[in-house]
Amino acid sequence: SQQGEEDPQALSIQEGENATMNCSYKTSINNLQWYRQNSGRGLVHLILIRSNEREKHSGRLRVTLDTSKKSSSLLITASRAADTASYFCATERGYGNKLVFGAGTILRVKS
Amino acid sequence: GAVVSQHPSRVICKSGTSVKIECRSLDFQATTMFWYRQFPKQSLMLMATSNEGSKATYEQGVEKDKFLINHASLTLSTLTVTSAHPEDSSFYICSARDRFVRSGSGYEQFFGPGTRLTVL
């Protein structure tokens, strides 16, 4: 079964605005990863944050992790129409273990 | 970078037939590959973990006799959907873990582009 929830389920914003997506999980984790999926395509790895890290940046992406609340957020700044996609968080519980995916957020950036 | 391919990208078959989907790691060795299933507008659900040279480990609720997995080499895993029915229509995605590359605190997984299966 899925590890946790993501919210919002869908998000529609204007180009240039920031988009924030949240992910919650249920058990202790080794790391949390964010993926992007364009419609009908495979997954693209965006960023990995370890359980002992609190924040990580990659270009226009900023990920935070709060292990006390078992939650993470993905912030995309200055969004572009090309950012339109589904975004999934995935947790890895143990070293080398399987990934468990959240429900995903469908992001639509309007130009 | 690490590339994972899947073949075919799309397949349409008649009910009752079997369909084989291949997952290949093109430029790295993968001791472990994962098979996921994704229904429209839903998340990925792990079906099974495939280890090279050994039997696959199936997730709860996944029929091992219906979804046959073979991981015969370090670069190839196959998923065969046997006696397919319309309810098996879905998007099947594989991922592969590079046995030598570690990212962060774990091994990074690389995902294939997916296979769209439609059973008529």
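Our structure is the block above this text.
Residues numbered from 1 in each chain as written. Chains lettered and ligands numbered in written order. Predicted model: local features only at pLDDT ≥ 70, side-chain atom pairs only at ≥ 80, totals over all residues. Heavy atoms only, no water.

Okay, the sheet that holds strand E1 (residues 5–7) of chain A next. All names here are of chain A. Across the sheet, which stays open at both edges, the five strands sit in the order E1-E3-E8-E7-E6 with antiparallel pairing between neighbours. The open sheet is flanked by E1 and strand E6 (55–58), the only strands paired with a single partner. Between one strand and the next, the sheet's axes are offset by a mean angle of 15°, whatever the strand orientation. Here E1 pairs with strand E3 (residues 19–24) via three bridges, running antiparallel. (Pairing = 2+ DSSP bridges. Helix = DSSP H or I, 4+ residues; strand = E, 2+ residues; numbered from the N terminus. Axes fitted to C-alpha atoms, helices over the stretch in contact; angles between N-to-C directions.)

This part is about unusual backbone geometry. Phi is mostly negative for residues that are not glycine, and the peptide bonds are mostly trans. Residues and elements named next belong to chain A. The omega angle of the peptide bond from Asp 7 to Pro 8 is 0°, so this bond is cis rather than trans. With respect to the helices, strands and loops of the structure, Pro 8 is situated in the loop between E1 and strand E2 (10–14). Positive phi, close to 50°, is recorded for Lys 70, a residue that is not glycine. Take Lys 70: it is sitting in the loop between strand E7 (61–66) and strand E8 (71–76). By relative accessible area, Lys 70 is classed as partly exposed at 28%. One non-glycine residue, Ala 78, lies in positive phi territory at about 45°. Within the secondary structure, Ala 78 is located in the loop between E8 and strand E9 (85–92). (Buried < 20%, exposed > 50% of the residue type's maximum accessible area, 1.4 Å probe, protein only.)

Given two aromatic rings, one states the distance between the centres and the angle between the planes to describe the pair. One pass over the structure, following the stated rule, counts eight aromatic pairs over all chains. Between Tyr 35 of chain A and Phe 111 of chain B, the aromatic rings sit 5.1 Å apart at their centres with planes inclined by 75°, giving edge-to-face as the arrangement. Linking Tyr 35 of chain A in strand E4 (residues 31–37) with Phe 111 of chain B in strand E10 (residues 106–111), this pair reaches from one chain into another. Taking the centre distance of 5.4 Å and the plane angle of 55° together, the rings of Phe 28 of chain B and Phe 110 of chain B count as tilted. Linking Phe 28 of chain B in the loop between strand E3 (19–25) and strand E4 (30–38) with Phe 110 of chain B in strand E10, this pair joins segments that are 82 residues apart in sequence. Among the residues examined, Phe 28 of chain B registers a relative accessible area of 8% and is labelled buried. In textbook terms, an aromatic cluster arises when at least three aromatic residues are bridged by ring pairs, as seen for Tyr 35, Phe 88 and Phe 101 of chain A together with Tyr 36 and Phe 111 of chain B. (Phe/Tyr/Trp six-rings, centres within 6.5 Å; stacked < 30°, edge-to-face > 60°.)

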